Amino acid sequence: MQKLKPIFAWNNYNESTINLLYRDSEGKKKIHHINDFAWYFYIHENELNRPEVKQTLKFYEDKNVIISTESCSPFLKIYCIGDKYFNQVKYLLEKLKSYKSDIRESDLSLTKRYMVDNSIEIEDNLKIGFFDIETDDSNPGISIGRDQILSWAICDNTGKTKFQRLETYGDSNAETELIKNLIKEFIKYDVVASWNGKLFDMPYIVSRIEQLEITTKSDVPLHKSIFWKQFMHIDMMQQAIRMYGSNMTTIGLAGFSLNDVCKFFIGQTKVAHTESIIDLYKNNPEKFEEYNKQDTILLQKLNEKLGIVDLMIKECSWTGTFLNQFYVSELLDNYILRAAKKENIYFKSRPEWKNKEDVVEDDEEEKISIRGGFVMTPKLGLYDNVRVWDFRSLYPSTIITFNIGEDTLVKEISEQCKNEFNEWLGERKIEEVDFKEWDDFLKKENKKHNPDKKYIQTANNQFFRKKSPSLLAGLLKKLLDERKEYKKLQKEAKDGTPEYKNFKASQEAIKILANSLYGILADKKTRYFNPAVAEAITTTGQYINRTSIAIVSKMGYEVLYSDTDSQFLSIGNDKDISKIIEEVNEKLEKYIKKTYKPIEYFQLLQYEKTFRKFAMVDKKRYAGHLIMLDRKETDQVMIKGLETVRKTTIEFARRHINEMLNLILKEDKDENYMKKWITDLKQFVLNEEILPEDLAISIKISKPIADYKSKPIHVLLAEKLIKQNKMLETKAGRNTWGTLISYIITDGSGKKEGVVLDEYKGVWDRKYYWCTQIYAPMQRILEAIWPDGNWCEHDILTIEKEERIKAKKKIAEEKKLLLEEKKKQREAKKLTKRQLVLI
DNA sequence: GCGGACTGCTTACCT
DNA sequence: ACAGGTAAGCAGTCCGCG
């Protein structure tokens, strides 16, 4: 029989049957059962020499929990009666863990083990339904499951919608009918997608099902335990946050409400309404229906435009992950485990999930931190002709060039070499060390530990075998090659066609996987966590960057700044930049090849952008007039890290800092011009009226109020709003989007006092706004580019403070003088008294 | 009791 | 529930001074 492609697979608690959900040739959903697959884990053979381990294994063998064993030298494969969820197996594993035994892959579920071992391909032709529910909003605030569901709508991939409305308001039988029909509808699809459905729609439906006792009534299409397995649910909002959350300000996305996202990406909005939902339901059923349907249509269109779900499906089928487990770590775990299985590499078990409360203060593992990228202390100032180039995929390339991986690491000398490195480095940070000194140290160590060049040395003084590619290097090479192929195909296909979209999704999926690979090596929660290996990558990245800086400096060019994989240089426009890059690349390649003798060289600088005028303000903070980007001419002011790109900055400051940067970078205004400009602006802020929207500070509430250890003003205001039922508590979690609190500072002199925007009564602290919100960011920029400009004269608060201190000192001195005077007088009196007595 | 110095928390950014 | 590096503003605390 041809291997069937499951849509989803699972095994129930304490059962050893694997259920595969699939569609037959007629497209009908079926479940295939697998009963003959035995679960197993690995234990290192050396462990068998320990009496306590031996005894434990014997004990569970006698109890028939361990069925059989098989040698997989140097490991022993132990087959059990069920997976890690079986109580008896759980006890066995707990016992072995308590002995700190070297056990491997014991955390896999039966289903995951089966999928990995058989390299089961996952169905990627999935039927998607976009849905949304409306609920009774007559009570204040939102509370999951408190009120009735009023309707549902679902939209298929072609834009066809279905809608059902609660027939009789307040009637629980009618609501039961409504929800049953929704479930029946869900089951027709493989995936149902929603907007924020993970935190709203799904829990709401589940809660209503429980309250109405729908599952205990027998005419539901499928039994309770099984109908949720008939389809998967994904939350498109979470995925949108993953994709665009990090650069929303850069691209200009206002927020992650469905309305904001749709307005931005597809230029469409939700159905506008001023009435409450319950009002619409009761008095305007047509509009109510349109409103509910429109949300699902928007989801469908959004997916068509952005390919959100397509990309997820691609990543899932590439790695062998089911959609409802769509997390980077899970995707990569499946991908790596499948490859490792073929190479007979067994990874350690994934660490136990630790609750926040369970983390011990002195946990050694928790304290380990891994060195990251190189951030050069920038040479501040205003420059002409600044060129930027960067290393293409620095970390993947480094892994390949230096053949980095747990399997290629020379463990025998790893500890000693680490100690020697730390001893040499001492208290210094690696970026403080002179490059030549670092290079010399590495050469000395290389000679000592690697005389016949069998290994390849990394910049943290670790050694990796060269004989065959590491698992990681092999995977990455495959990924990069595949991506190249898909990129080519994408280029050949016609823009907008299904093929084009398919190739695009493929190459993007691969890019995400390749770039995330390093991350899991430095993540304590994964089985791949390995400080020596992770730091081999980052430190060597730093080293390559600094080698390049050394080469460039020797060629006579000045590197102004560098962050991880990019370099900023001031190179006149009379020079041929491509030629220079070519030369640097050649020299770098020659040097790395000569010094480290890699099997394959995989580093490449590529030309990125040119700034006509450029202001270097601080680490990770700069702005410039960009005229060339990826070999295409452009004309824009690019700003990184400065207040204008931060969403906490007030609009007034954002507008004026932008204006200021435009004047300096595009219109080449000089220092004197800007001084005048600042003086005028200060007068305006201190005397004129400013709109409240321009003064509002917006800060995100990122977690439940109780989790805050200190309570700044925005948290205090949020707390008040929550108490008044005007705002929802934020849930903990990575892919949730907290609520923004917008407020205005009424008194910024001490502990900040303020009001939320809605309650603003016209009181604002002018001096605080000028000094902290508006001028401070400007001053930092101006001081960086014209350091001798006496820019502090506009910082009123600091000046006032200094004057206060001066005045105080003066008073103190006067007092002191006065006291001394009195003392003198007293003594004089005493003297005269004594003199009198004497007389 | 006041205010400066310092520390730690929080947010939001960069690669 | 993929990483580390960084700036900035503020709350909270400690400590010396008077």
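The present account deals with the structure reproduced in this document. Small disclaimer: the values here were computed from a predicted structure and weren't measured.

**Description of helix H11 (residues 285–306)**
Next, step 1: Along its 22 residues, H11 runs 32 Å from first to last C-alpha, staying within 8% of the 32 Å computed at 1.5 Å per residue.
Next, step 2: At the C-terminal side of H11, Gly-307 shows a positive phi close to 65°.

**Observations concerning helix H17 (residues 435–449)**
Every α-helix carries 3.6 residues per turn, so stepping three or four residues along brings you back to the same face.
Next, step 1: Here H17 spans 21 Å end to end across 15 residues, near enough to the 21 Å set by a 1.5 Å rise per residue.
Next, step 2: Residues of H17 that are buried include every one of Phe-435, Trp-438, Asp-439, Phe-441, Leu-442, Glu-445, Asn-446 and His-449, and no others. Down the axis of H17, the buried side of the element spans an arc of 160°, and every buried residue falls inside it. Counted as exposed and oriented over 90 degrees from the buried face of H17: Lys-436, Lys-444 and Lys-447.
Next, step 3: Those residues of H17 that are buried are in contact with helix H16 (411–425), strand S14 (455–457), strand S15 (463–465), helix H20 (531–554) and helix H21 (577–596).

**Quick word on the pairing of strand S6 (residues 75–80)**
Next, step 1: When you tally the buried positions in S6, you get six out of six residues, the bulk of the element.
Next, step 2: Taking every second residue as pointing to the same face, both faces of S6 are buried, with Phe-75, Lys-77 and Tyr-79 on one and Leu-76, Ile-78 and Cys-80 on the other.
Next, step 3: The pairing of strand S4 (residues 39–44) with S6 spans six bridges and is antiparallel. Bridging from a neighbouring strand, Ile-43 pairs with Leu-76 of S6.
Next, step 4: Alignment of strand S5 (residues 66–72) against S6, held across six bridges, turns out to be antiparallel. Bridged to Ile-66 within S6 is Cys-80.
Next, step 5: The hairpin formed by S5 and S6 contains two residues between the paired strands.

**Description of the side chain of Thr-540**
Next, step 1: If you trace the backbone, Thr-540 turns up in helix H20.
Next, step 2: Here Ala-459 takes part through its backbone nitrogen, which lies 3.1 Å from a polar atom of the side chain of Thr-540.
Next, step 3: There is a polar contact of 2.4 Å between the side chain of Thr-540 and the backbone oxygen of Ala-536.
Next, step 4: Beyond its immediate stretch of four places on either side in the chain, Thr-540 contacts Thr-398, Phe-402, Thr-458, Ala-459 and Glu-535.

**Thoughts on the protein's contact with DNA strand B**
Next, step 1: Close to DNA strand B lie 22 residues; Asp-565, Tyr-622, Ser-702, Tyr-708 and Lys-709 are nearest.
Next, step 2: Sugar and phosphate atoms represent 93% of those atoms of DNA strand B found within 4 Å of the protein.
Next, step 3: Contact distances for DNA strand B include 3.2 Å between a phosphate oxygen and a backbone N or O atom of Lys-700.
Next, step 4: Take Lys-709: an N or O atom from its main chain is 2.7 Å from a phosphate oxygen of DNA strand B.
Next, step 5: Taken together, the elements giving at least two residues each to the surface near DNA strand B come down to strand S21 (697–700) and helix H27 (796–838).
Next, step 6: The residue makeup of the surface near DNA strand B, split by class, is five nonpolar, seven polar and ten charged.

Criteria and thresholds
- Residues numbered from 1 in each chain as written.
- Chains lettered and ligands numbered in written order.
- Predicted model: local features only at pLDDT ≥ 70, side-chain atom pairs only at ≥ 80, totals over all residues.
- Heavy atoms only, no water.
- Helix = DSSP H or I, 4+ residues; strand = E, 2+ residues; numbered from the N terminus.
- Expected span 1.5 Å × (residues − 1).
- Buried < 20%, exposed > 50% of the residue type's maximum accessible area, 1.4 Å probe, protein only.
- Arc of directions from axis to C-beta.
- Contact = heavy atoms within 4.5 Å.
- Pairing = 2+ DSSP bridges.
- Polar contact = N/O pair within 3.5 Å; in protein donor to acceptor, adjacent residues only side chain to side chain.
- Near = heavy atom within 4 Å.
- Nonpolar A, V, L, I, M, F, W, Y, C, P; charged D, E, K, R; others polar.

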